[in-house]
Amino acid sequence: MKPSFFDYTKEALAARITPSFRAKQIYNWLYVRYAQSVDEMANLPKPMREALANEYDMMPLRILKREYSSDGTIKYLFALRDDKTIETVLLRMKEEQIDCNGTRTQHAKYTVCVSTQVGCKVGCSFCLTAKGGFVRDLSAGEIVAQVVAIKKDNDIAPERRLNIVYMGMGEPLDNLSALSDAITIFADPEGLAISPKRQTVSTSGLSTKIDALGKLDTGVHIAISLHAVDDALRTELIPMNKAYNIASIIDAVRRFPIDARKRVMFEYLVIKDKNDDIASAKKLVKLLAGIKAKVNLIFFNPYEGSPYERPSVESVKAFADYLIAHGLLATIRESKGIDISAACGQLREKEMQTL
Ligand code: SAH
Ligand code: SF4
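Rules and cut-offs
- Residues numbered from 1 in each chain as written.
- Chains lettered and ligands numbered in written order.
- Predicted model: local features only at pLDDT ≥ 70, side-chain atom pairs only at ≥ 80, totals over all residues.
- Heavy atoms only, no water.
- Helix = DSSP H or I, 4+ residues; strand = E, 2+ residues; numbered from the N terminus.
- Rg over C-alpha atoms; globule rule 2.2 N^0.38 Å.
- Contact = heavy atoms within 4.5 Å.
- Areas by Shrake-Rupley, 256 points an atom, 1.4 Å probe, with all protein chains shown as cover.
- Lys, Arg positive; Asp, Glu negative; His and termini not counted.
- Charge placed at Lys NZ, Arg CZ, Asp CG, Glu CD.
- Phe/Tyr/Trp six-rings, centres within 6.5 Å; stacked < 30°, edge-to-face > 60°.
- Buried < 20%, exposed > 50% of the residue type's maximum accessible area, 1.4 Å probe, protein only.
- Core = buried A, V, L, I, M, F, W, Y, C linked by side-chain atoms within 4.5 Å.
- Domains from an automatic or database assignment.
- Axes fitted to C-alpha atoms, helices over the stretch in contact; angles between N-to-C directions.
- Parallel < 35°, antiparallel > 145°, perpendicular 65-115°, else oblique.
- Left-handed = near helix turned anticlockwise from the far one by under 90°.
- Nonpolar A, V, L, I, M, F, W, Y, C, P; charged D, E, K, R; others polar.
- Near = heavy atom within 4 Å.
- Polar contact = N/O pair within 3.5 Å; in protein donor to acceptor, adjacent residues only side chain to side chain.
- Buried area = accessible area lost by both parts, 1.4 Å probe.
- Salt bridge = Lys/Arg side-chain N within 4 Å of Asp/Glu carboxyl O.

Caption draft 1: Examining the overall build of the protein chain more closely. For the protein chain, the count of helices and strands is twelve helices and twelve strands. In terms of overall dimensions, the protein chain is globule-like: its C-alpha atoms have a radius of gyration of 21 Å, near the 20 Å expected for 355 residues. Expressed as lengths along the three principal axes of its C-alpha atoms, the size of the protein chain is roughly 70 × 55 × 40 Å. The contacts of the protein chain with a sequence gap of at least 6 include a subset with a gap of at least 24, amounting to 65%. Carbon and sulfur atoms provide 51% of the accessible area of the protein chain, an area that totals close to 16,000 Å². Looking at the protein chain, you have 49 positive and 44 negative side-chain charges, and the mean spots of the two groups are 3 Å apart.

Caption draft 2: The arrangement of the packing of aromatic side chains in detail. Inspection of the entire model under this criterion finds nine aromatic pairs. Considering the side-chain rings of Phe-6 and Tyr-31, the 5.5 Å spacing of their centres and the 85° angle between planes classify their relative orientation as edge-to-face. Placement of the pair is Phe-6 in the segment before α1 (10-16) and Tyr-31 in helix α2 (residues 22-31), with a sequence separation of 25 residues. For Phe-6, a relative accessible area of 0% puts it in the buried group. With 6.4 Å between their ring centres and 65° between their planes, Tyr-166 and Phe-186 make a pair best called edge-to-face. Taken together, the residues span a long stretch of sequence, with Tyr-166 in strand β7 (residues 162-166) and Phe-186 in helix α6 (residues 176-187) at a distance of 20 residues. Phe-186 carries the same exposure label as Tyr-166, and that label is buried. An aromatic cluster of at least three residues, connected via ring pairs, comprises Phe-5, Tyr-8 and Tyr-56.

Caption draft 3: View of the nonpolar core. Formed by 105 residues in total, the largest nonpolar core has its most connected members in Phe-5, Tyr-166, Phe-186, Leu-213, Phe-266 and Leu-323. In terms of residues, this core owes the most to one element, helix α5 (residues 140-153), which gives eight residues. In this structure, this core is formed jointly by two domains, domain 1 (1-57) and domain 2 (59-354), each of which donates at least three residues. Leaving out residues up to four positions away in the same chain, Phe-5 has contacts with Leu-13, Ile-26, Leu-30, Val-38, Met-41, Leu-52, Tyr-56, Asp-57 and Met-58.

Caption draft 4: How the structure looks around the packing of helix α10 (residues 278-287) against helix α11 (residues 313-325). Put simply, α10 and α11 touch, their axes get as near as 9 Å, and they point 30° apart. Accordingly, the angle class assigned to the pair α10 and α11 is roughly parallel. For the pair α10 and α11, the crossing hand works out as right-handed. Where α10 abuts α11, its residues Ile-278, Ser-280, Ala-281, Lys-282, Leu-284 and Val-285 lie against Ala-318, Phe-319, Tyr-322 and Leu-323. When its residues are assigned to classes, the contact of α10 with α11 shows eight nonpolar, one polar and one charged.

Caption draft 5: Inspection of the environment of Thr-9 at higher detail. In this structure, Thr-9 sits in the segment before α1. On the accessibility criterion, Thr-9 (14% relative accessible area) is buried. Considered as a pair, Thr-9 and Thr-184 are 175 residues apart in the sequence and their alpha carbons are 6.7 Å apart. Those residues in contact with Thr-9 that sit more than four places away from it in its chain are Tyr-27, Asp-181, Thr-184 and Ile-185.

Caption draft 6: Quick peek at the site of ligand 1. In the region of ligand 1, 20 residues are neighbours, and Met-167, Gly-170, Ser-202, Ser-225 and Asn-301 sit closest. Measuring from an oxygen atom of ligand 1, one finds a side-chain N or O atom of Glu-267 at 3.2 Å. Contact between ligand 1 and Asn-301: a nitrogen atom at 2.9 Å from a main-chain N or O atom of the residue. Secondary structure elements with two or more residues in the shell around ligand 1: β8 (199-203) and β10 (264-270).

Caption draft 7: Representation of the domain arrangement of the protein chain within the structure. Domain boundaries in the protein chain define domain 1 (1-57) and domain 2 (59-354). If you average the C-alpha positions of domain 1 and of domain 2, the two centres end up 31 Å apart. Taken together, the two surfaces of domain 1 and domain 2 that pack against each other cover about 1,800 Å², and 60% of this comes from carbon and sulfur. Taken as a group, Phe-6, Tyr-31 and Tyr-34 account for 38% of the area that domain 1 buries against domain 2, more than any other trio of residues on that side. The tally of links between domain 1 and domain 2 comes to four salt bridges. Measuring nitrogen to oxygen at the nearest pair gives 2.7 Å for the salt bridge that ties Lys-10 to Glu-190. In this assembly, domain 1 and domain 2 are joined by eight residue pairs in polar contact (both at pLDDT 80 or more).

Caption draft 8: Highlighting the pattern of salt bridges. Under the criterion given, the structure shown has 17 salt bridges. Between Lys-10 and Asp-188 there is a salt bridge, and its shortest N-O distance comes to 2.9 Å. Separated by 178 residues along the polypeptide, Lys-10 in helix α1 and Asp-188 in the loop between α6 and β8 bring together distant segments of the chain. Each member of the pair Lys-10 and Asp-188 is classed as buried.

Written out as structure tokens, the structure reads:
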């Protein structure tokens, strides 16, 4: 298989082609003009276009399916070049802006939730992605192309600001080298120009890899999928917790370079009668003492045959109220796209059953 242009940082691409300054022009075609073929790259000499087309592929994925939610969320199912499938979600939040004349306008604020692997090795008991096992890592290009394909599909202007969350299928820190290239490619000011400050890596808590990501000093944010406050329950939910327990994760978070104005996000999947009690909230407050943290409460989203149940709205609200009353920042994640198989992995699973 030919390499894809999307796999390379601008520096790496410049090192591969002569003359190297053309890398900048290619980047502009890929990430600003959403070119679909090398032939469109009109400012490259024809012989160079022909040589490049022989050597490189463009998009490493294609849209197989879209699901639209009434709240504006769109979930994509992509096929990769080897026909493996992944999911990506475009989230739109309405943002009100008031200009200097006092005129109010509504703007969509975009966030793309990208996948980093086909399947996942971590094997969480509540997660559909885990059920299919691990298939393979995505390349940097396959991560980046999810965003380019979605921007093109929705006619999102290149200069529109957009956030990236690495919260789709897979464990990003299990694919650290592709992840770190993707962070760099996304951030390139001559490409998509998505600053690392607008990128959040969500991890199930591989402490040593949290350290490794911190050492790369990319400037990205991290979100920790904590989900439980004691090791016994966390190990039931995330078997890997046996090797990387809660204390080791909290230590790694304390060492992670964090922008002084930002907070580490702790995701807490609320599961009925498992971790939705006030005693757990109390332990969470203790656990996060002294950390600039923000807790994001997520409703467990049941699927056919899932071993757990969705918590009541009252219990999640009471949990959030307790955290807030005890000085923690806490939000309840809106169930975006709940009508379209919300949690990642659910659309892919549905497709595989019907294939
Ligand atoms: N592997 C990384 C990032 C991807 S998981 C991690 O675990 O952090 C994507 C997100 O989906 C996680 O926050 C996870 O908690 C959530 N998720 C998985 N299954 C879910 C379900 N059934 N209901 C609600 N959220 C779920
Ligand atoms: Fe993997 Fe995250 Fe799903 Fe756990 S929740 S199996 S780490 S994708």
